[in-house]
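Close look at the chain arrangement
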Amino acid sequence: MAKRGLNLVIVARRDNLLSDFTNEIQNKYGVEAIALAIDLSSPEAVDEIFNGIKDLDIGIAIYNAALSPIGNFSEVDPAVTRETITTNRTTPTLFSQRFLKRQNERGMDGLIVVSSLSGYVGSPRVATYAATKAYLHVLSEGLWGEVKDKNISILTITLGAISTPGLISRAQKKTPGQLDPAKVVDQSLSHLERGPTYTPGLNNKIGLTVLNKILPRSFQ
């Protein structure tokens, strides 16, 4: 987004890393970048975000945060499950509500929510994560229907494997269909005005078609 000349407000929970990244963005692209160190699993997160941007004119918002604990559902720490539900479902819901209420006064702009292909099918050992992503799909489709005539764009991006630092550090080999983040951004932004959902990558599109239209639920 900075490469496209847009000023940024960047929200993340690790203050030192966030500050370093914000400085890097400003130095590299010559845009203004504001850092808000906020834990999105906190019940106060949305209030803290909107207090931080109350004097700013925000044109597009991207909710690109998630927790994905791996393990048998009954064995995951209940506190981690609560944080997952808050980060992946509650916070993006309340954030979207506040953002759209604010943007309705302008009658323009866009909201992108980053989701996952796992939200289309129950996924063992990441059951809570997958369920929260299914929720986001349905929510965004409903919101898109509400605002499509108000010149406000809403898009949920359903992603497979992306070459992020976290995935690269965990994976021993490249996942089939794994995509470069820059390509995901380019494809997704080009689709923003067409909403309500978009799946980057040919392999991911084929996989989604198989899940949705070919395989019965009992085989998924």
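Look a little higher up for the structure.
The text that follows walks through the structure, step by step, so that each part is easy to find. Here the residue numbering is sequential within each chain, running from 1 through the sequence in written order. Restriction of local features to residues with pLDDT of at least 70 applies here, the model being predicted, together with a cutoff of 80 or more for giving and counting side-chain atom pairs; totals for whole chains, interfaces and linings are based on all residues. Remark: hydrogens and water are excluded; side-chain values derive from all non-hydrogen atoms of the structure.

With that settled, the discussion passes to unusual backbone geometry. Following Gly195, the chain continues into Pro196 via a peptide bond in cis, with omega recorded as -5 degrees. Numbering of helices and strands runs from the N terminus; a helix is a DSSP stretch of H or I covering at least four residues, while a strand is a stretch of E covering at least two. Mapped onto the elements of the fold, Pro196 is located in the loop between α6 (181-190) and β6 (197-198). Positive phi is not limited to glycine here, since Arg125 has a value of about 75 degrees. Structurally, the position occupied by Arg125 is in the loop between β4 (110-116) and α4 (127-147).

The rule is simple: put a 1 Å grid over the protein atoms alone, call a set of points where a 1.4 Å probe fits but cannot get out a cavity, call an open set with protein on both sides within 12 Å along at least five of seven lines a pocket, and count a residue as lining if it has an atom within 4 Å of a point. Grid points are joined across faces, edges and corners, and a volume is the space filled by probe spheres set on the points. Per the stated rule, a full pass over the model turns up one cavity of 30 Å³ or more. For the largest cavity, the calculated volume is near 70 Å³. Taken together, Pro69, Gly71, Phe73, Val76, Thr81, Arg125, Val126, Ala127, Thr128 and Tyr129 make up the full set of residues lining the largest cavity. A total of three residues in the lining of the largest cavity trace back to one element, the largest contributor, which is α4.

Time to look at the environment of Gln97. Inspection of the secondary structure puts Gln97 in helix α3 (residues 78-103). Only protein chains enter the area calculation, which uses a 1.4 Å probe; residues under 20% of their type maximum are buried, those over 50% are exposed, and those in between are partly exposed. Given the relative accessible area of 56%, Gln97 is considered exposed.

Approximately 240 Å³ is the volume attributed to the second largest pocket. As for the second largest pocket, its lining consists of 15 residues, and the residues nearest its centre are Asp109, Asn151, Ile152, Ser153 and Glu193. The residue classification treats Ala, Val, Leu, Ile, Met, Phe, Trp, Tyr, Cys and Pro as nonpolar and Asp, Glu, Lys and Arg as charged. All others, Gly included, are polar. Residues that form the lining of the second largest pocket fall into these classes: six nonpolar, five polar and four charged.

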